[in-house]
Amino acid sequence: MTDHSDTTESTEPGRRDFLGMVTTAGVAAGACACAVPFVQSLAPQDSASAHLPVDVDISKLAPGQQMTAVWQGKPVFILRRTPEDLKQLQDAALVADLRDPDSSVLQQPSYAKNWHRSLVPEYGVYVGVCTHLGCVPVYEATTGGDNKGRYNCPCHGSKFDLAGRVRKGVPAPYNLPVPPHVLVSPTQLRLGESPKGESFDFSSIVQI
């Protein structure tokens with residue numbers, strides 16, 4: 001009578017290894033399948049709909065608060081600045097510490113080439129992408145005293161003021177981009193459209 005015990009013992013590990021590889025491959029394939037839509041969502045959108053204006057309800061945005069919208073696949077910061085924030089933006093010491101305080105580099109529409117870099121001083125609107133390596137800066141609100149509001153890039157330490165203007169001595173070379181925008185009403189902001197009589201090609205900016 002033939003003893004199959006040795007054969008069984010020798011083939012079982014091989015079978016288990018094979019099943020393990022099949023299972024691992026299946027999990028990896030599933031992970032890839034889940035990751036593809038996420039990666040694709042980060043890629044530039046070429047469809048016509050991706051370039052349409054986006055309306056944003058700002059009715060619940062309180063002074064000192066920020067919200068983030070998405071336009072052309074990019075995060076857009078919408079900040080409702082306080083009177084203290086606006087006073088800070090005009091402080092001589094801060095202005096002296098900015099790389100491009102007058103927005104000389106083309107990073108904004110002509111109607112945002114001012115000390116607050118927006119249509120109206122109360123609302124700041126910037127593409128939330130650091131001009132160094134594309135990280136997303138973090139908003140820090142003004143809390144009084146010496147704690148001045150600003151944007152900090154967590155990747156390499158670049159800093160911007162509450163008008164998106166870059167500080168001196170940091171890796172980021174340019175101010176945060178300002179997208180075309182218009183206030184349709186006191187409670188609605190439209191991204192991707194300029195005020196009547198104005199025009200701005202966002203693709204003409206120096207860097208994003």
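This text goes with the structure placed above it.
Rules used in this analysis
- Residues numbered from 1 in each chain as written.
- Predicted model: local features only at pLDDT ≥ 70, side-chain atom pairs only at ≥ 80, totals over all residues.
- Heavy atoms only, no water.
- Pairing = 2+ DSSP bridges.
- Helix = DSSP H or I, 4+ residues; strand = E, 2+ residues; numbered from the N terminus.
- Phe/Tyr/Trp six-rings, centres within 6.5 Å; stacked < 30°, edge-to-face > 60°.
- Buried < 20%, exposed > 50% of the residue type's maximum accessible area, 1.4 Å probe, protein only.
- Axes fitted to C-alpha atoms, helices over the stretch in contact; angles between N-to-C directions.

1. Notes on the sheet that holds strand E6 (residues 150–152)
Stage number 1. Read across the open sheet, the three strands follow the order E5-E6-E7; overall the sheet is antiparallel. Strands with a single pairing partner mark the edges of an open sheet, and in this sheet they are strand E5 (138–140) and strand E7 (159–160).
Stage number 2. Note that E5 and E6 share three bridges and pair antiparallel. For Val138, the partnering residue across the bridge sits in E6 and is Asn152.

2. Quick look at the packing of aromatic side chains
Stage number 1. Within this structure, the stated rule accounts for four aromatic pairs.
Stage number 2. Arranged with centres 5.8 Å apart and planes meeting at 80°, the rings of Tyr126 and Tyr151 form a pair that is edge-to-face. Of this pair, Tyr126 sits in strand E4 (residues 123–127) while Tyr151 sits in strand E6, placing them 25 residues apart in sequence.
Stage number 3. We classify Tyr151 as buried; its relative accessible area is 0%.
Stage number 4. Where Tyr139 meets Tyr151, the ring centres are 5.6 Å apart and the plane angle is 40°; that geometry is what we call tilted. One end of the pair, Tyr139, is in strand E5; the other, Tyr151, is in strand E6, and twelve residues separate them in sequence.
Stage number 5. Taken together, Phe77, Tyr126, Tyr139 and Tyr151 form an aromatic cluster joined through their ring pairs.

3. What to know about the sheet that holds strand E8 (residues 181–185)
Stage number 1. With respect to topology, three strands assemble into an open sheet ordered E1-E9-E8, the strand pairing being antiparallel. Each edge of the open sheet carries a strand with a single partner, namely strand E1 (54–57) and E8. Between one strand axis and the next, the sheet turns through 30° on average, direction left out of account.
Stage number 2. Direction of pairing for E8 relative to strand E9 (residues 188–191): antiparallel, over a ladder of four bridges. Looking at E9, one finds that Ser185 is bridged to Gln188.

Limitation: the analysis is restricted to geometry and does not speak to function.
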